[in-house]
Amino acid sequence: MSAAFDNQKYLDAQKASILQRAAQGEGRLYLEFGGKLMGDFHAARILPGYDPDVKVRLLQSLSSEADIIVCIYAEDIERKRIRADFGITYDNAAMKLIDDLHGVGVEVTAVVVTRYSGQPAVQTFKRRLERHGIQVFLHGNLDGYPNQVERIASAEGLGSLRYVPVSRPLVVVTGPGPNSGKMGTCLSQIYHEFQQGRPARYAKFESFPVWNLPLSHPVNIAYESATADLQDNNAMDHFHFEAYGVASVNYNRDLQTFPLLKALLERISGGQGSGYLSPTDMGVNCIAAGIVDDEAVRKAAQMEIIRRYFQYVSAQELGRASETTVQRAEELVRRAGLKPTDRVVVEKARETAQRCETEGEGDGGIYCGAAIQLPDGFIATGMNSSLMHSAVAMILNAVRHLAGIPRNQHLLQPDILEKVARFKHGLGTSAKRSGLNLSEALIVLTVSCATSPQGQKALDCLAQLKGCDVHLSHTPGHGDEQGLRHLGCSYTYDPLPPTKKLFP
């Protein structure tokens, strides 16, 4: 798909908006930096051409004028919460974020662990960061936050949280994911600034929902799909319309908390007020400035709405999503005027599974199909066998097409394939029982390149699979999922077991 989003246009507009807001009033500006700072693949899927790390480039351009504070919720560390898109825990995601920022020359001023109440894992996390010279501040729970305005905006409330020393006119407060305590940290810092005789201000940076796109735009519906498990929704910002007569879109949580946030800022500032008449006023969001092909963006966002639906259905089968969440996802598919099979790889994968059964392929009576849509529109499919999983067959057929390699030429060297297959299940086991998964097959392909020019041609084409739509007729195993994630494919699947075994 051709680029529908211009990263440089977006960066120019976004940087100008932030710097303009920083220069508008007196005192330091605390910018709550929401969404995913790095690896924002949701945005990349719905905005073709969007750089998943473009916000890091934004921070790079602001680094000489900004302090960076990273927040993480204490319970996310203690419970080892997983960030699904990377498959790593939130504490590791925070450390990866710090490393990635350091890698592009952006220094992190401090890490704040929020809502800390003695969790043992937090102390381990703190010591690890401090050994690398990173300041760590532990902020406890605030009873009554944010509703009890008088108590929160006092020495016993925000004043009880340690101040993080900063020196620059802009302070970016970010985190590895949602619910990290960014807003509370901003308010605490602003409270201390005023107590020390220095005015300070607040603003919010959040890519979605897009305030200046219609409520019914697929990009905004896709954001609701991404948060269907929270049962939240986008809504018109009635505060903004009443103040300016201009329609804008915001998130229902922001609309609900706006009066409280405004009251807190007014009390913290001693009655100076926030200067904001609406949640939209607080934002400095310019994502729409980068959209150069609205039709392509609409189509990509529609596919994301369907993709999220499949993710929730599969999560429900594993006990990780409720029926209410799935119903919400279904409702959003209907609201967008779509049906699950509008994602063309879905029917192709299911048809391939049926063909697999008809042709007597499969493995042990299990028949699986997989399909991928390539950049040129071609759909490559694959079915499972005793030798390889359907995801492997699909990827091999895809790179054959891209590299122009005939089907009668081996991509995986038979002798290497047999040795890996035998080793997988024990040296005394028949290779016919191997069923190589995608991660294993990619290793075999890499090794095969040493003696196979065709294997090298196929390997060189793997990069073209990044961002391609994939569907499997069954639940992939860990090795297949890991391989698809490594290739950067946008995959979904039907929640059907790929084997009859209780312990595969």
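Residues numbered from 1 in each chain as written. Predicted model: local features only at pLDDT ≥ 70, side-chain atom pairs only at ≥ 80, totals over all residues. Heavy atoms only, no water.

Caption draft 1: Molecular detail of the overall build of the chain. For the chain, the count of helices and strands is 20 helices and 14 strands. Taking 23 Å as the expected radius of gyration for a compact globule of 504 residues, we find that the chain reaches 25 Å, a close match to that expectation. Along the three orthogonal principal directions, the C-alpha set of the chain runs to about 75 × 50 × 40 Å. Once local pairs closer than 6 in sequence are excluded, the contacts in the chain between residues at least 24 apart make up 68%. (Helix = DSSP H or I, 4+ residues; strand = E, 2+ residues; numbered from the N terminus. Rg over C-alpha atoms; globule rule 2.2 N^0.38 Å. Contact = heavy atoms within 4.5 Å.)

Caption draft 2: A look at unusual backbone geometry. With omega at -5 degrees, the peptide bond leading from Y145 into P146 counts as cis. Here P146 lies in the loop between β6 (136–140) and α7 (149–152). With a phi angle near 60 degrees, N179 is a residue other than glycine that sits in the positive phi range. Its identity as a non-glycine residue notwithstanding, Q231 has a phi of 60 degrees, on the positive side. The topology assignment puts Q231 in the loop between α9 (218–226) and β9 (234–236). Of the residues examined, Q231 reaches a relative accessible area of 36% and is grouped as partly exposed. (Buried < 20%, exposed > 50% of the residue type's maximum accessible area, 1.4 Å probe, protein only.)

Caption draft 3: Representation of the pattern of salt bridges. A full pass over the atoms with the stated rule returns 23 salt bridges. Across the pair R355 and E359 runs a salt bridge whose closest N-O atoms are separated by 3.6 Å. The exposure class of R355 is partly exposed, given its relative accessible area of 36%. For E359, a relative accessible area of 46% translates into the label partly exposed. (Salt bridge = Lys/Arg side-chain N within 4 Å of Asp/Glu carboxyl O.)

Caption draft 4: Region of interest: the pairing of strand β14 (residues 490–493). Where burial is concerned, the two faces of β14 agree: the one with S490 and T492 and the one with Y491 and Y493 are both buried. One ladder, built from four bridges, connects strand β13 (residues 469–472) with β14; its direction is parallel. Bridge pairing in β14 links L472 to Y493. Since β13 and β14 lie parallel, the crossover through helix α20 (residues 478–487) that links them has a hand, and here it is right-handed. (Pairing = 2+ DSSP bridges. Right-handed = clockwise from strand over helix to strand, strands pointing away.)

Caption draft 5: Summary view of the side chain of T185. Within the secondary structure, T185 sits in helix α8 (residues 182–195). Among all residues touching T185, those that are not within four sequence positions of it are I69, C71, V112, T114, H139 and V173.

Caption draft 6: Layout of the environment of Y116. Along the polypeptide, Y116 turns up in strand β5 (residues 110–116). In contact with Y116, not counting residues within four places along its chain, are A74, V122, Q123, L138, H139, G140 and N141.

Caption draft 7: The sheet that holds β6, seen in detail. Spatially, the six strands line up as an open sheet ordered β6-β5-β2-β7-β1-β8, and their pairing is parallel. Lying at the two open borders of the sheet, with one neighbouring strand each, are β6 and β8 (200–205). Across this sheet, the average inter-strand angle for adjacent strands is 25 degrees, counted without regard to direction. Relative to β5, strand β2 (residues 66–73) runs parallel, the two being bridged by five bridges. Bridge pairing in β5 places C71 opposite V112. Where helix α5 (residues 90–103) meets the sheet, its contacts fall on β2 and β5, and the angle it forms with β2 comes to roughly 165 degrees. (Axes fitted to C-alpha atoms, helices over the stretch in contact; angles between N-to-C directions.)

Caption draft 8: Spatial organisation of the sheet that holds strand β11 (residues 369–373). Strands sit in the order β12-β11-β13-β14 across an open sheet of four strands; the sheet is mixed. The sheet is open, and its two borders are formed by β12 (379–383) and β14, each paired with just one other strand. Strand-to-strand twist across the sheet, computed as the mean angle between neighbouring axes with direction ignored, equals 15 degrees. Running over the sheet, helix α13 (residues 294–317) touches β13 and β14 and is turned about 45 degrees from β14. Sheet strands in contact with α20 are β13 and β14, and its direction is about 150 degrees off that of β14.

Caption draft 9: Structural view of a nonpolar patch on the surface. Residues Y244, V246 and L277 make up a contiguous nonpolar surface patch of about 270 Å² in total accessible area. Mapped onto the secondary structure, Y244 falls in helix α10 (residues 238–244). (Patch = residues over 30% accessible without salt bridge, like charges linked within 9 Å, V, L, I, M, F, W, Y side chains within 5 Å. Areas by Shrake-Rupley, 256 points an atom, 1.4 Å probe, with all protein chains shown as cover.)

Caption draft 10: Examining the state of the cysteines more closely. Using the criterion set out here, one finds zero disulfides in the structure. Of the cysteine sulfurs around C71, a residue in no disulfide, the closest is that of C186, at 7.2 Å. Residue C71 is classed as buried on the basis of its relative accessible area, which comes to 0%. C461 takes part in no disulfide bond, and the closest cysteine sulfur to it belongs to C449, at a distance of 11 Å. For C461, a relative accessible area of 7% puts it in the buried group. (Disulfide = S-S within 2.5 Å.)

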